[in-house]
Amino acid sequence: MPARGRMRPLGALFLAALLTGAAAPWPDEPSRTCFFQMLSGGDSFFCRGDLEVIYPELGDVGCSYIPKCHQYRERISREWGSPRVRYPQADKNKKYVLMLVDPDVPSRANPRSRFWRHWLVTDIPGANLRTGDVKGHVLTDYVRPTPPPRSGYHRYQLLLHEQPEHEAITLSPEERVSLGSWAMESFVKQFRLGSPVASTQFLTKYHQD
């Protein structure tokens, strides 16, 4: 499993890239060591509420870059299925809505197809979220993170909302036809979901870039 750390000499470079909106640089990792680079600056502010997103071998990738070593970027985009999502503070007596979106389609510099819907599950019991078991009403099946070549880093954002009681949440026929250019804010407003109780994100890019 990769070691977690901030790799401090790169901190200034990442911060500068985030402030300018450019994709942050990533050096080739040595073959012997595999590091998580944690998010910093504006990207780190999105991570709140201790929401965990757990993939095989990597563990919790929340608020981090997916490292290139051990083919992790390729495996997350081609091999692994949906992650476990754990929210220890979930209320056992409530239900939740989970969204996974990419706001950087086709790229962070030109997000004309924002938001791309990668996963949408409603009616998730709070007891399940405490253990990371995402079971509910699946409105959009999990779609692996697949950034296009030469499009830089993409943010994959998970948002967890408390579901209002007796609220039947659905996608419109138009929304079901397409995953891209999803009006997520309108969806949240329509079903009175309010602000997320927790959110996190991870960044990755095309595995051969």
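Provided above is the structure to which this section pertains.
All figures in this text were calculated on a predicted structure; none of them were measured in a lab. (Residues numbered from 1 in each chain as written. Predicted model: local features only at pLDDT ≥ 70, side-chain atom pairs only at ≥ 80, totals over all residues. Heavy atoms only, no water.)

K.L.:
Hey, could you go over the side chain of Thr122 for me, with residue numbers and the actual values?
P.N.:
Here Thr122 lies in strand S8 (residues 116–125). Residues in contact with Thr122, not counting those within four places in the same chain, are Tyr96, Val97, Gly136, His137, Leu139, Gln163 and Ile169. (Helix = DSSP H or I, 4+ residues; strand = E, 2+ residues; numbered from the N terminus. Contact = heavy atoms within 4.5 Å.)

K.L.:
Summarise the pattern of salt bridges; cite the residues concerned and give the values.
P.N.:
Counted by the stated rule, this structure contains 9 salt bridges. A salt bridge links Arg108 to Asp43; the shortest N-O distance between them is 2.9 Å. In this pair, Arg108 is assigned in the loop between strand S7 (95–102) and S8 and Asp43 in helix H2 (residues 41–44), connecting sequence segments 65 residues apart. On the basis of relative accessible area, Asp43 is assigned to the buried category, the value being 4%. Residues Glu52 and Arg86 are paired through a salt bridge, measuring 3.0 Å at the closest nitrogen-oxygen approach. Of this pair, Glu52 sits in strand S3 (residues 52–55) while Arg86 sits in strand S6 (residues 84–86); the two residues are 34 residues apart in sequence, bridging distant segments of the chain. For Arg86, a relative accessible area of 27% translates into the label partly exposed. Salt bridges sharing partners connect three or more residues here, namely Glu57, Arg75 and Glu79. (Salt bridge = Lys/Arg side-chain N within 4 Å of Asp/Glu carboxyl O. Buried < 20%, exposed > 50% of the residue type's maximum accessible area, 1.4 Å probe, protein only.)

K.L.:
Requested: an account of the state of the cysteines, with residues and values cited.
P.N.:
Here the structure, examined in full by the defined rule, presents 2 disulfides. Note that Cys34 is cross-linked by a disulfide to Cys69, the S-S spacing being 1.7 Å. Placement of the pair is Cys34 in the loop between helix H1 (11–20) and strand S2 (35–37) and Cys69 in the loop between strand S5 (64–65) and helix H3 (72–78), with a sequence separation of 35 residues. The disulfide partner of Cys47 is Cys63, and the S-S distance across this bridge is 2.5 Å. Residues Cys47 and Cys63 are joined by a disulfide whose S-S torsion is about 105°; by sign, that bridge is right-handed. Of this pair, Cys47 sits in the loop between H2 and S3 while Cys63 sits in the loop between strand S4 (59–60) and S5, placing them 16 residues apart in sequence. (Disulfide = S-S within 2.5 Å.)

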